[in-house]
Amino acid sequence: MGCLGGKQAFDALTGTSSRELCEAITDPLSGAGWYDDTKSEIGDICAWNFKQVAGYNVQLEWSNQQNKCVRSRAQPDPAQYQFRRARKHHR
């Protein structure tokens, strides 16, 4: 078993790789990006919580917006935005 977390080797690999990729994006310089003083990096909060995406095992990641572990960010609701016509710039 070891560090496979009860998963098949390939599922453990894709799960932990997805986690590390997210952490590399949100905290590229250790401690200088997204970091929680209690639970550490974004992937640590949701460690070993997985979903299947396109046949691959991926770890859920923490969302401040949704206040939970998610597999993707919430899509914005267009109704909450006001759109205005772009102005033409004259040169």
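Look above for the structure.
Keep in mind it's a predicted model, so treat the numbers as computed, not measured. (Residues numbered from 1 in each chain as written. Predicted model: local features only at pLDDT ≥ 70, side-chain atom pairs only at ≥ 80, totals over all residues. Heavy atoms only, no water.)

1. Let's talk about the packing of aromatic side chains
For the coordinates displayed, the defined rule picks out two aromatic pairs. Look at F10 and Y56: their rings are 6.2 Å apart centre to centre, the planes differ by 50°, and that puts the pair in the tilted class. Of this pair, F10 sits in helix α1 (residues 9-26) while Y56 is found in strand β2 (residues 56-59), placing the two residues 46 residues apart along the sequence. On the basis of relative accessibility, which here comes to 48%, the residue F10 falls in the partly exposed class. Y56 sits in the partly exposed class, given a relative accessible area of 43%. (Phe/Tyr/Trp six-rings, centres within 6.5 Å; stacked < 30°, edge-to-face > 60°. Helix = DSSP H or I, 4+ residues; strand = E, 2+ residues; numbered from the N terminus. Buried < 20%, exposed > 50% of the residue type's maximum accessible area, 1.4 Å probe, protein only.)

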